[in-house]
Amino acid sequence: MGLTKDMLAEMAAVDIRTVDISDLSDLRDIKIDTSLPVEKKLALFARQTKNVYINRVGDYVVKVRFQQEGATIDDKMEEYLRRLSEIYI
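Residues numbered from 1 in each chain as written. Predicted model: local features only at pLDDT ≥ 70, side-chain atom pairs only at ≥ 80, totals over all residues. Heavy atoms only, no water.

Looking now at the overall build of the protein chain. Counting its secondary structure elements, the protein chain contains three helices and two strands. In the protein chain, the order of α-helices and β-strands from amino to carboxyl end is α-α-β-β-α. Dimensions along the principal axes, computed over C-alpha positions, put the protein chain at roughly 45 × 35 × 25 Å. Evaluated residue by residue, the protein chain yields a buried proportion of 16% over its 89 residues. Across the protein chain, the mean location of the 14 positive side-chain charges is 1 Å away from that of the 16 negative side-chain charges. (Helix = DSSP H or I, 4+ residues; strand = E, 2+ residues; numbered from the N terminus. Buried < 20%, exposed > 50% of the residue type's maximum accessible area, 1.4 Å probe, protein only. Lys, Arg positive; Asp, Glu negative; His and termini not counted. Charge placed at Lys NZ, Arg CZ, Asp CG, Glu CD.)

Okay, here's the thing in structure tokens:
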């Protein structure tokens, strides 16, 4: 799936407050081989979703953004869990 800059900009511009959730792909249904290089994982993800930025998990709308550098998803998850543990301690 060759996504152009215009297509990506249009996908990113979708407002999660007005999107029809029934039109979104459920992230639980997307399968990615994590052993593949990042470029191939992104291509697999793009092929399995209608919008690479906005999807759903069950009844929840999820909007993501991608970054070239910075914290990884693992770093962010660790930070999130650490904050949760601080709240409950």
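It is worth spelling out the nonpolar core at this point. Met11, Leu24, Ile30, Phe45, Ala46, Val52, Tyr53 and Ile54 together form the largest nonpolar core, which totals eight residues. Ignoring sequence-local partners within four residues, the contact set of isoleucine 54 consists of Met11, Val14, Ile16, Leu24, Val61, Val62 and Lys63. (Core = buried A, V, L, I, M, F, W, Y, C linked by side-chain atoms within 4.5 Å. Contact = heavy atoms within 4.5 Å.)

A few words on the side chain of threonine 49. Locating threonine 49 in the fold gives a position in the loop between α2 (38–48) and β1 (54–57). A polar atom in the side chain of threonine 49 sits 3.0 Å from the backbone oxygen of asparagine 51. A distance of 2.4 Å separates a polar atom in the side chain of threonine 49 from a polar atom in the side chain of asparagine 55. Residue contacts for threonine 49: discarding those within four places in its chain leaves Ser25, Ile30 and Asn55. (Polar contact = N/O pair within 3.5 Å; in protein donor to acceptor, adjacent residues only side chain to side chain.)

Quick look at the pairing of β1 now. Where β1 meets strand β2 (residues 60–63), four bridges bridge the pair, whose relative direction is antiparallel. When the sheet's bridge partners are listed, valine 57 is paired in β2 with tyrosine 60. Between β1 and β2, which follow one another and run antiparallel, lie two residues, and glycine 58 among them has a positive phi close to 65°. (Pairing = 2+ DSSP bridges.)

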